[in-house]
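Structural overview
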Amino acid sequence: MKKMPWVSTLLRRSRFLKYMIVMVAGVVLVGFVGDNCMLSHFRNQQKISELQSEIDHYRSSYERDISKIRRLDTDPNAIVEIARERYFMKNDDEDIFVLSDDVKSTTKQYDETVE
């Protein structure tokens, strides 16, 4: 109980200490408490940088697709190339051989039936 009058008299006599306490409390409230604190600010900055990298990725993909579309509009051989590669289309006098790297499984699966 004897400490309280000492602290209150110290606060009354020292203007500098009053202002320092108010400033420290303000910095703590603004910096660490609330929706606009520094921690949420850093999280938002990190989220912004992640979204910016995602935007850059999609922008490059978009530009690549636009160049393919322009090529398809201007070059008739490009349509033939895509038809042959993706859809295995051919002329009447051609044969298509599809080579695959898939390994077929040699194990047999047995049906288990209980009688």
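Residue positions are given per chain, counting from 1 as you read along its sequence in written order. The predicted nature of this model means local features are confined to residues of pLDDT at least 70 and side-chain atom pairs, given and counted, to a pLDDT of 80 or more, with totals for whole chains, interfaces and linings taken over all residues. To obtain the side-chain values, all non-hydrogen atoms of the structure were used and water was disregarded.

Examining the overall build of the protein
Runs of H or I in DSSP of at least four residues are treated as helices and runs of E of at least two as strands, each being numbered from the N terminus. When helices and strands are tallied, the protein shows four helices and zero strands. Along the protein, from the amino end to the carboxyl end, the secondary structure elements read α-α-α-α. Residues counted as buried form 5% of the 115 residues belonging to the protein. Per-residue and other accessible areas follow the Shrake-Rupley method at a 1.4 Å probe size, with only the shown protein chains counted as cover for residues. For the protein, the computed accessible surface area is about 11,900 Å², with 58% contributed by carbon and sulfur atoms. Each residue's exposure class comes from its accessible area (1.4 Å probe, protein chains only) as a fraction of the maximum for that residue type: buried when under 20%, exposed when over 50%, partly exposed otherwise.

A short note on a nonpolar patch on the surface
Exposure above 30% relative accessible area and no salt bridge define the residues that can form patches, which grow by joining like charges within 9 Å and nonpolar side chains of Val, Leu, Ile, Met, Phe, Trp and Tyr within 5 Å. Take a side-chain nitrogen of Lys or Arg and a carboxyl oxygen of Asp or Glu: if they are within 4 Å of each other, that pair is a salt bridge. On the surface, Phe16, Tyr19, Met20, Met23, Val24, Val28, Leu29, Val30, Phe32 and Val33 cluster together to form a nonpolar patch covering roughly 1,100 Å² of accessible area. Structurally, Val33 can be placed in the loop between helix 2 (15-32) and helix 3 (38-74).

Description of the pattern of salt bridges
In the structure shown here, the tally under the stated rule is one salt bridge. For Glu81, the salt bridge is made with Arg71, and the minimal N-O distance between the two is 3.0 Å. With a gap of 10 residues between them, Glu81 in helix 4 (residues 76-87) and Arg71 in helix 3 connect regions that are remote in the sequence. Note on Glu81: relative accessible area 34%, which makes it partly exposed.

Some details on a positive patch on the surface
Note on charges: Lys and Arg go in the positive column, Asp and Glu in the negative column, and His and the chain ends are not counted at all. Working definition for charges: the position is that of NZ of Lys, CZ of Arg, CG of Asp or CD of Glu. Taken together, Arg12, Arg13, Arg15 and Lys18 make up a surface patch of like positive charges. Going through the elements one at a time, helix 1 (3-13) and helix 2 are the ones with two or more residues in the positive patch. Here Arg15 lies in helix 2.

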